[in-house]
Amino acid sequence: MKLSTKTRATTLSVALASTLALAACGASNETAETASGGGDTSSGSELSGTLVGAGSSAQQAAMQGWTAGYSSVQPGVTVNYDPVGSGGGREQFLAGGTDFAGSDAYLDEEELTQAEERCGTAGAFELVNYIAPIAVVYNLEGVDELNLPPAVIAGIFNQQITNWNDPAIAEANPDATLPDLPITPVNRSDESGTTENFTEYLAAAGGDAWPHEPSGDWPVAGGEAAQGTSGVVSAVAAGNGTIGYADLSQAGDLGVANVGVGEEFVAPSAEAAAAVVENSEQVDDADRPEYSYAIDLARDTTESGNYPIVLVSYHIGCVEYEDQETVDLVKDFLTYVASEEGQQAAADAAGSAPISEGLREQNMAAIDAITVAG
Amino acid sequence: MSVQTPTPAPTTGASAVSRPQQQHDRSLPRWVPLAVFAAGVAVAALLSALTGFNVVLFVVYAVVLGTVAVYVVSRVTEGRRRATDRLVTSVVTAAFGIAMVPLVALVWEVVGRGIERFDGEFFNSSLQGIIGEGGGAYHALMGTVIITALTTLLSVPIGLLAAIYLVEYARGRLKRAITFFVDVMTGIPSIVAGLFAYALFVLIFGPGIRLGIMGAIALSVLMIPVVVRSAEEVLKLVPNELREASYALGVPKWRTITKVVIPTAIAGIGTGVTLAIARVIGETAPLLITVGITNATNFDPFDGRMATLPVYAYYQLTQPGVPPEFAIDRAWTAALLLIILVMGLNVVARLISRFFAPKTGR
Amino acid sequence: MTATRTPSDQSTTKPPRRPGDRIFAGSAKGAGILILVILAGVAVFLMAEALPALTAPAEEIPGDEGLLSYIAPLLFGTLLSAVIALLVATPLAVAIALFITHYAPRRMAQGLGYVVDLLAAIPSIVYGFWGIFWLAPKLVPFYRWLEENLGFIPLFAGPTSSTGRTMLTVGLVLAIMILPIISAISREVFRQVPTLHKEAALALGATRWEMIKMAVIPYGKSGIIGGAMLGLGRALGETMAVAIILSVSGGITFNLISSANPATIAANIALDFPESTGIDVNTLIASGLALFVITLAVNMLARWIVNRRADFSGAN
C-alpha cells in the first residue's frame with residue numbers, strides 16, 4: 001500500500017474547494033444602479049438608507065416597478081420588500097420588524113390596538129396604492145365576446161352551471177353561438193389574495209348561487225386547479241371550454257368576459273377598476289385612526305362603468321416614527337408610489353390600474369402628516 | 001469462445017448460461033431475436049405514425065409488440081421454456097429502456113428550453129429592478145453556494161465524527177441505536193426537515209422568520225445521515241493492520257485515526273461528501289419555507305431572506321409577472337443550471353474516487 | 001466521564017491513553033449522540049409548533065371542521081400517490097436490477113448502474129418542470145383512451161383532465177423518482193446471491209430465467225421488499241414535483257384521471273406555507289408532524305426488514 005497522504009489530502013481539498021468556487025464579482029445590475037447616482041432628483045434632497053417592508057405578494061410585481069423607478073430618483077436608498085403574504089406583513093409590521101406593510105386587507109380591531117402600541121397614539125395609516133382588476137378569462141372556440149351576470153359566474157364556479165349551452169348563459173348572450181360543451185372551471189390551488197377577492201365578489205354579488213364564505217383557499221371541490229396566476233392562465237389556454245380568474249394583465253390572448261353590473265356588462269379596464277374604488281365607501285368606524293383610509297369595496301355595485309372584481313392592496317405604516325431618517329424615507333418613497341409616475345411604473349410592471357386623482361389627493365394628505373414622534 | 005475460463009467472475013455465470021444450449025438444434029441464431037424485436041418496434045412506429053405520434057403511446061406499443069413478436073417466434077421454433085426465457089429477456093431489457101425514456105426526455109427538454117437564457121447576463125445580474133426581459137440568477141446562485149457551503153460546514157464534521165465513533169469506538173446498544181436511526185433519518189422527507197428548522201427558529205425569533213442559516217440547518221438534517229453512512233462504509237474498509245501497526249509504534253488512538261485511518265480513507269470520504277452535497281443542492285421544499293426568496297443579492301445568511309436556485313426556479317415559473325415568457329425562460333435556465341451542478345458534482349465524485357483512491361491491489 | 005472507558009473496549013490492541021484521546025473519543029461520541037438528539041429534536045419541535053393547532057377549536061382550523069377533517073383528504077392523497085408510484089416502480093425496478101446484474105454485458109453493468117442512479121440525482125423540482133410541460137400533456141390521449149375503454153372502473157371514470165395534471169401522472173413521476181432507490185437495493189441483494197446456488201441451478205439445465213426464478217428471486221425477496229418500503233417512504237414525502245404537477249381541488253376520490261384530486265400533505269405545505277400566518281402555520285406543521293410519523297414508521301419497518309436480511313446473509 002502506497003500512501004502519500006498529505007499531498008493527496010491537499011489536492012483533494014483544493015479540488016473540492018474549486019468545485020464550489022465561483023467568480024464573486026457582484027450582480028452587474030445592482031452595482032450599476034448605485035454607481036449611476038445623480039439623476040434628476042424630483043424631491044430635491046438626496047436621501048440614503050434602507051427602507052424595509054413586507055407583506056402582500058400581490059403587490060410584489062408592482063413593488064418591483066416602484067423600487068426600480070425609485071432607485072433612479074433616490075439612488076442612495078434601498079427598498080427591501082418581503083412578499084411574505086398580507087397576514088405575515090401585518091404581523092411583522094406590528095411587531096416592529098418592518099417600517100411598513102403591504103396588505104390586501106385592512107387592519108382589524110385587534111390589530112388596531114396593536115398598532116397603537118407599535119406607533120403611539122397617532123396610530124397607523126392605511127393607503128390604497130395598488131388596484132388590480134381581476135378578469136374572468138375563458139377559452140371557448142368561436143366565442144369572442146361573452147357576457148356573464150354575477151349569478152351566472154357564481155353558478156359556473158360553483159359547478160351548478162356545467163355546460164356552455166346552459167339557458168342562463170344563452171340569455172345573457174343572445175348573439176353568441178354557444179356550443180354543447182362541458183364547462184371546466186379553473187381555480188388557484190395555492191392560497192392567494194386573488195382567490196380571496198374573487199370569492200368575496202362572488203359572495204357579495206352572486207347571491208344564492210354562491211353559498212360559500214370568502215376565503216383565500218378555493219372552497220369548491222372538483223374543478224381543475226392550477227398553481228399561481230400563470231398556472232391558471234396556461235390551464236385555461238390548454239383546454240377548450242375552460243374558464244378561470246386571473247389578473248387582467250396576465251390574461252394574454254384569452255377571452256375576457258364582460259361582467260354584469262346593474263343592467264349593463266362591463267369589461268375589465270384600469271378606469272373601471274379605479275372607478276369602483278373611488279365609489280366604495282370608507283369603513284365607517286369612529287375608532288379607526290385619522291389617516292386610515294380603509295374601504296369596503298362595493299362588490300355589488302350597480303353604478304355604470306364600474307368593474308367590481310378588483311384586488312386592492314394597502315400600504316400600512318405609522319403616522320409617527322421614532323427617528324427622522326425613517327420619516328424621510330417613508331414619506332419620500334410613498335410620495336413616489338402615489339405619484340402619477342409611480343402609479344405608471346406599477347402599471348408597466350404589474351398591469352395594475354393607476355389610482356384616481358381624488359384618491360391621490362387623499363393619500364398625499366396622509367403622507368404629508370407623517371412625522372417624528374414626540 | 002465456447003471454452004470457459006476456470007475461475008469465472010461471480011456474475012459472468014449468467015452470460016455463460018445460454019452458450020451450452022446454443023448447440024441445441026433448434027435454437028435461434030443470436031441476431032434473430034434482435035431482428036424480430038426490431039420488427040415489432042417498426043410496426044409500432046408505423047402504428048403510431050398512423051394514429052398521430054405520441055411518445056408515450058409509441059413506447060407502449062413498441063415494447064408490447066416487440067416482446068410479443070420475440071415470444072411467438074421463439075415459441076414456434078424453440079419450445080415453451082426457451083420462449084419464456086426470451087420473453088423475460090425482452091421484458092427486462094425493455095424495462096431498462098423504459099427507465100431511460102424519462103431520463104433522456106428530461107435532459108433533452110431542460111437543455112432545449114434552458115439554453116435560451118444560458119448567457120452572461122444570467123450569471124452576473126440579479127432580479128433587482130428587472131421587469132420583463134433580462135435579469136439573471138446571480139443572487140440565487142450565490143445564495144445556493146453560501147447555503148450549501150454552510151450546510152457542508154455543519155454536516156461534515158458532525159457526520160464524520162459520528163462515523164468515526166461508529167467504526168472506531170462504539171459498541172453495544174448505543175451503536176445499534178445510532179446506526180439504525182441514521183438509516184431512518186435518511187428517509188425524513190425534506191419538507192419535514194424544513195418545518196423542523198422553522199419550528200426551531202420560530203421559538204427563538206418569533207413567527208414569519210426567514211434566514212439563510214435556517215435553510216442550512218434544514219439541509220444539514222438531510223445531509224448528516226448521508227455523510228455518516230458513506231464515511232462509515234469507507235472507514236470500515238481501512239485495513240486493521242494499519243491501525244495495529246500505528247498502535248505498535250506507540251501512537252495514541254486519536255492520532256492514529258487522524259493521521260492514518262482518515263488519510264487512507266480520504267478519497268472515499270471526499271466522494272461521499274461530494275455526493276451528499278449533490279443530494280442537497282437541488283432541494284427546494286425546505287428552502288422554500290425557511291429561506292424564502294428575494295430579488296436582490298444577499299450575502300449574509302444571518303440577515304433576512306436569500307434567493308436560492310431551486311426556489312428561484314419555482315417562483316419564476318409560478319409567479320412570472322408581466323409578461324410571463326421571460327420569467328419562464330429564466331426558470332428553465334435555472335433548472336438547467338441545477339442539473340449541470342448536480343451532474344457536475346456526481347462526475348467530480350467519481351473522479352475523486354478514481355484518482356485519489358489508495359493504490360492497492362486487493 | 002464515560003470517555004475513559006472507551007479505549008479499553010477496543011478488542012484489537014490497547015493504545016496509550018492520553019488527554020487527546022479522551023477529547024477526541026468524547027467529541028466523536030458526542031457527534032453520534034447529537035444525531036439522536038437531532039432526530040428527537042425534529043419530533044419535539046414539530047410537536048411544540050403543532051400544539052396550538054391540536055388544541056384549537058375546530059372552527060379556527062382552515063375549512064372550519066377541525067384538524068382531522070383537514071388532514072384526512074391530504075393523507076388520502078399522500079397514500080394514494082405513493083401507492084401508485086410503488087405499484088409502478090417495484091416491478092420495473094426489479095427488472096432493471098436483474099438486467100444490470102444478470103443480463104447486461106459485464107463490462108457495461110457498472111456504467112448502466114450509474115445511469116440509473118442519475119435518475120435519483122435529478123432535483124425534484126426539475127421533475128416537476130418536466131412533468132407539467134412534457135409528460136402531462138403527452139398522457140392526455142392515453143387517459144382519453146382509458147376513459148373510453150375502461151371507464152367502467154371507478155379509477156378511470158373521468159372526465160379526463162384536459163391538461164393531464166392528474167393523480168396518475170403524479171404517481172408515474174413519483175415512480176420514476178423512486179425507481180433508482182428500489183433498483184439500487186435490489187441490485188445489491190442480487191449481487192450477493194451465492195454463485196453456488198446459481199451454478200447449481202444452471203447445472204441442472206435451467207434456462208437463465210429459471211435460474212433467476214429458483215435462486216435469485218427467493219434469495220433477494222426480503223431485500224426487494226425492504227427497498228420497496230424505502231421507495232414508499234420517499235414517495236410519501238416528495239414535495240415539489242407533486243406541488244407543481246398536481247391539479248389540487250377537492251377531497252377524497254379514487255378517480256385517477258380527472259382534474260379533481262386531493263393534495264398530498266407535503267405538496268399542501270409547500271403551496272400554502274409561504275403566505276400563511278398564525279394558526280394556519282400551526283395547522284400545516286401539524287400535518288407535517290403526521291407525515292413525519294408515517295414516514296418514520298415506514299422507514300423503520302423498511303430498515304428492519306433490510307437489516308434482518310443483512311444479518312442472514314452475514315451468517316451464510
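These numbers were taken from a predicted model, which means no experiment stands behind them.

### Let's talk about the environment of C:Phe76
All names here are of chain C. Structurally, phenylalanine 76 can be placed in helix H3 (residues 66-103). The spacing of phenylalanine 76 and threonine 264 is 188 residues in sequence and 7.5 Å in space, taken between C-alpha atoms. If near-sequence neighbours (up to four positions away) are discounted, phenylalanine 76 is found in contact with Ile252, Thr253, Phe254 and Pro262.

### Topic: the packing of helix H14 (residues 324-355) of chain B against helix H5 (residues 124-150) of chain C
Helices that pack against each other are described as a pair by the angle of their axes relative to one another and the distance between those axes. Contact geometry for H14(B) and H5(C): axes closest at 10 Å, N-to-C directions at 130°. The angle between H14(B) and H5(C) falls in the class oblique. In the packing of H14(B) onto H5(C), the handedness of the crossing is left-handed. Facing H14(B), whose interface residues are B:Ala331, B:Trp332, B:Ala335, B:Leu338 and B:Ile339, H5(C) presents C:Ile125, C:Val126, C:Phe129, C:Trp130 and C:Phe133. Split into classes, the residues belonging to the contact of H14(B) with H5(C) amount to ten nonpolar, no polar and no charged.

### What about helix H6 (residues 150-157) of chain A?
All names here are of chain A. Across the eight residues of H6, seven count as buried, placing the element largely inside the fold. Listed in full, the buried residues belonging to H6 are Pro150, Val152, Ile153, Ala154, Gly155, Ile156 and Phe157. In the stretch just after H6, glutamine 159 is the one whose phi turns positive, near 65°.

### Re the packing of aromatic side chains
Evaluation of the coordinates by the stated rule reveals 28 aromatic pairs over all chains. Among the aromatic side chains, those forming a connected cluster through ring pairs are A:Tyr70, A:Tyr81, A:Phe100, A:Phe333 and A:Tyr336. Lying over the aromatic face of B:Tyr169, B:Lys253 brings its terminal NZ or CZ to 4.4 Å of the ring centre. Above the plane of the ring of B:Trp254 lies B:Arg255, whose end atom (NZ or CZ) is 5.7 Å from the centre.

### Quick word on the confidence of the model for chain A
All names here are of chain A. For chain A, the mean per-residue pLDDT works out to 83, and 89% of the residues sit at or above 70. Low pLDDT (under 50) marks residues 15-24, which in the prediction has eight contacts with non-local residues, meaning those over four places away or in another chain. Counted against residues more than four places away or in other chains, residues 32-43, with its pLDDT under 50, gives 15 contacts.

### Quick notes on a negative patch on the surface
Taken together, the side chains of A:Glu213, C:Glu59, C:Glu60, C:Asp64 and C:Glu65 present a region of like negative charge at the surface. Mapping A:Glu213 onto the fold places it in the loop between helix H8 (193-205) and strand E7 (224-226). A relative accessible area of 62% means that A:Glu213 is categorised as exposed.

### So, a nonpolar patch on the surface
All names here are of chain B. A contiguous nonpolar patch, built from Val60, Val64, Val68, Val72 and Val76 and spanning about 420 Å² of accessible area, is present on the exposed surface. Position of valine 72 among the secondary structure elements: in helix H3 (residues 55-78). Using a relative accessible area of 44% as the deciding quantity, one classes valine 72 as partly exposed.

### Some remarks on the sheet that holds strand E10 (residues 258-261) of chain A
Residue and element names in this part refer to chain A. Pairing is mixed in the open sheet, where three strands are placed in the order E5-E10-E11. Every other strand in the sheet has two partners, leaving strand E5 (147-148) and strand E11 (264-266) as the edge strands with one partner each. As paired strands, E10 and E11 are joined by three bridges and run antiparallel to one another. Paired with glycine 260 across the bridge in E11 is phenylalanine 265.

### Thoughts on the interface of chain A and chain C
Counting residues at the interface gives 21 residues for chain A, matched by 21 residues for chain C. Overall, the association of chain A and chain C removes approximately 1,500 Å² of surface from exposure, summing both partners, and the carbon and sulfur fraction of that is 42%. For the pair chain A and chain C, the number of links is one salt bridge. Of the charged contacts in the structure, one is a salt bridge between A:Glu224 and C:Arg165, with a shortest N-O distance of 3.2 Å. Where chain A touches chain C, the interface holds five residue pairs in polar contact (both at pLDDT 80 or more). Counting residues per element, the ones that place at least two in the side of chain A that touches chain C are helix H4 (86-94), E7 and helix H9 (228-238) of chain A. A class-by-class count of the residues in the side of chain A that touches chain C yields six nonpolar, ten polar and five charged.

### Observations concerning the domain arrangement of chain C
All names here are of chain C. Domain parsing of chain C yields domain 1 (19-55) and domain 2 (67-314). Once you take the C-alpha centre of each, domain 1 and domain 2 turn out to be 30 Å apart. When domain 1 packs against domain 2, the two sides together hide about 820 Å² of surface, and 84% of this comes from carbon and sulfur. Of all residues in domain 1, Leu46, Glu49 and Ala53 give up the largest surface area on contact with domain 2, accounting jointly for 49% of the area buried on that side.

### Describing the pattern of salt bridges
All names here are of chain B. Scanning all chains against the criterion turns up 15 salt bridges over all chains. A salt bridge links glutamate 109 to arginine 113, with the shortest nitrogen-to-oxygen separation between them at 3.2 Å. Of this pair, glutamate 109 and arginine 113 both sit in helix H4 (residues 80-114), four residues apart, which is roughly one turn of that helix. Here the salt bridges do not stand alone but share partners, grouping Asp183, Arg229 and Glu233 into one network.

How each quantity is defined
Residues numbered from 1 in each chain as written. Chains lettered and ligands numbered in written order. Predicted model: local features only at pLDDT ≥ 70, side-chain atom pairs only at ≥ 80, totals over all residues. Heavy atoms only, no water. Helix = DSSP H or I, 4+ residues; strand = E, 2+ residues; numbered from the N terminus. Contact = heavy atoms within 4.5 Å. Axes fitted to C-alpha atoms, helices over the stretch in contact; angles between N-to-C directions. Parallel < 35°, antiparallel > 145°, perpendicular 65-115°, else oblique. Left-handed = near helix turned anticlockwise from the far one by under 90°. Nonpolar A, V, L, I, M, F, W, Y, C, P; charged D, E, K, R; others polar. Buried < 20%, exposed > 50% of the residue type's maximum accessible area, 1.4 Å probe, protein only. Phe/Tyr/Trp six-rings, centres within 6.5 Å; stacked < 30°, edge-to-face > 60°. Lys NZ or Arg CZ within 6 Å of the ring centre and 35° of its normal. pLDDT = per-residue confidence, 0-100. Patch = residues over 30% accessible without salt bridge, like charges linked within 9 Å, V, L, I, M, F, W, Y side chains within 5 Å. Areas by Shrake-Rupley, 256 points an atom, 1.4 Å probe, with all protein chains shown as cover. Salt bridge = Lys/Arg side-chain N within 4 Å of Asp/Glu carboxyl O. Lys, Arg positive; Asp, Glu negative; His and termini not counted. Charge placed at Lys NZ, Arg CZ, Asp CG, Glu CD. Pairing = 2+ DSSP bridges. Buried area = accessible area lost by both parts, 1.4 Å probe. Polar contact = N/O pair within 3.5 Å; in protein donor to acceptor, adjacent residues only side chain to side chain. Domains from an automatic or database assignment.

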